[in-house]
Amino acid sequence: MSLVRDRVPLLDVDVTALCTDELIEAISGYVSDGTTKVVLGHNLHSVTLFHSSPDFRRLYERSDVVLMDGAPVAMLWGLGRRGGSRGEAAGLMEYRLGSTDWVPALGGVEGLRRIAVVGAGPEANSKTVDLLRKIVPGAEVSGRPGENWDDASEEAVVAWLAEFRPQLVLLGLGMPLQESVLHRRLDELPPAVYCAVGGAIEQLAGLQKLAPRWLGRLGLEWAWRLVLHPGRVAYRVFGEPWVLLGLLVRRRLSFKDRKAGTTRRAR
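Residues numbered from 1 in each chain as written. Predicted model: local features only at pLDDT ≥ 70, side-chain atom pairs only at ≥ 80, totals over all residues. Heavy atoms only, no water.

- As recorded in an unreviewed UniProt entry, the chain goes by WecB/TagA/CpsF family glycosyltransferase and comes from Arthrobacter ramosus.

In structure tokens, the structure reads:
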């Protein structure tokens, strides 16, 4: 399966437009291949980090799949399709994939026998491990919590992964910690499909309530999270969009300056 990246207008990032079935097919191919692959997601928070952190950007640039994990990203991508079949409003949200959209479909991944779950507290991690054993019958699923993550716990998890040698790793340490770990340690980790899943471990365990899907389709999931976790998401909702806007404006001005300089030198 050949995966193509599309540019998201205004945000200056590339995404891999996949629905759930297509992602499961891609993961099946990666598992069969047996090499290291990285699956990430883009929302407005990750776009801000992409434009402000060189290490964060390098991980995204070397990744194999970048899902649209955010309604604004999916909507802007749809506008950029200029009326193409994937840009039609009726089917747009099919390509907006959060981790809780595709993890329940992992039973369709061919040859998946070993799954690692890293992150969240002990209760959430254990419940998600049990859930995955039901989703992927016969697979060996094991987990390690990610609470109070520090250098020692990171070293312990890296050693555990080397011993367990999973085919698929769900890494839910929150953004940007999970991306930082992947950027720093990916080359020494065993071959597997590494998926950054944020808070999905707690959501799959039922410890964090998911927003109704109709709110997601309307692009209002942020309002649900704001009501439930105001201290955690208020800055992302009210402050971070302005930070992102400033980063994008500076990026555009810098590009125009470089282009003008190139034109002057050409003369």
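Let us keep going from here.
**Some details on the packing of helix α3 (residues 54-62) against helix α8 (residues 177-185)**
Point 1. Across the interface, α3 lies against α8 with an axial gap of 9 Å and an inter-helix angle of 75°. Taken together, the axes of α3 and α8 are roughly perpendicular relative to one another. When α3 is examined against α8, the residues Asp55, Phe56, Arg58, Leu59 and Tyr60 are found in contact with a partner set consisting of Glu179, Leu182 and His183.
Point 2. Looking at the contact of α3 with α8 residue by residue, the classes come out as four nonpolar, one polar and three charged. (Axes fitted to C-alpha atoms, helices over the stretch in contact; angles between N-to-C directions. Helix = DSSP H or I, 4+ residues; strand = E, 2+ residues; numbered from the N terminus. Parallel < 35°, antiparallel > 145°, perpendicular 65-115°, else oblique. Contact = heavy atoms within 4.5 Å. Nonpolar A, V, L, I, M, F, W, Y, C, P; charged D, E, K, R; others polar.)

**A short note on the nonpolar core**
Point 1. Counting 43 residues, the largest nonpolar core has Val8, Leu11, Met68 and Leu182 as its most contacted members.
Point 2. Ignoring sequence-local partners within four residues, the contact set of Leu182 consists of Val38, Leu40, Leu59, Leu171 and Tyr194.
Point 3. Counting 35 residues, the second largest nonpolar core, distinct from the first, contains Leu23, Leu97, Leu168 and Ala200. (Core = buried A, V, L, I, M, F, W, Y, C linked by side-chain atoms within 4.5 Å. Buried < 20%, exposed > 50% of the residue type's maximum accessible area, 1.4 Å probe, protein only.)

**Here we look at unusual backbone geometry**
Point 1. Of note, the amide linkage connecting Met175 to Pro176 takes the cis form, showing an omega dihedral of 10°.
Point 2. Note that Pro176 resides in the loop between β7 (168-172) and α8.
Point 3. Unusually for a residue other than glycine, Asn148 sits at a positive phi of about 55°.
Point 4. Assignment of secondary structure puts Asn148 in the loop between β6 (140-144) and α7 (151-164).
Point 5. With a phi angle near 50°, Arg165 is a residue other than glycine that sits in the positive phi range.
Point 6. Structurally, Arg165 can be placed in the loop between α7 and β7.

**Observations concerning the packing of aromatic side chains**
Point 1. Tallied over the full model, the rule gives four aromatic pairs.
Point 2. Between Trp77 and Tyr95, the ring centres sit 5.8 Å apart and the planes meet at 55°, which makes this aromatic pair tilted. With Trp77 in helix α4 (residues 71-80) and Tyr95 in the loop between α4 and α5 (99-102), this pair connects stretches of sequence that are 18 residues apart.
Point 3. Trp77 gets classed as buried once you look at its relative accessible area, which sits at 0%.
Point 4. Measuring from centroid to centroid gives 5.5 Å for Trp160 and Phe164, while their planes differ by 20°, and the two rings are stacked. You can see Trp160 and its partner Phe164 sitting in helix α7, four residues apart, about one turn around the helix.
Point 5. Relative accessible area serves as the criterion here: at 10%, Trp160 is assigned to the buried category.
Point 6. Taken together, the aromatic side chains of Phe50, Phe56 and Tyr60 make up a single cluster linked through ring pairs. (Phe/Tyr/Trp six-rings, centres within 6.5 Å; stacked < 30°, edge-to-face > 60°.)

**Some details on the sheet that holds strand β8 (residues 193-196)**
Point 1. The strand order across the open sheet formed by six strands is β4-β3-β8-β7-β5-β6, and the pairing between neighbours is parallel. Across the chains shown, the open sheet's two edge strands, defined by having one partner strand only, are β4 (65-68) and β6. For this sheet, the mean inter-axis angle between neighbouring strands, taken without regard to orientation, is 20°.
Point 2. When strand β5 (residues 114-119) meets β7, the two strands line up parallel, connected through five bridges. (Pairing = 2+ DSSP bridges.)

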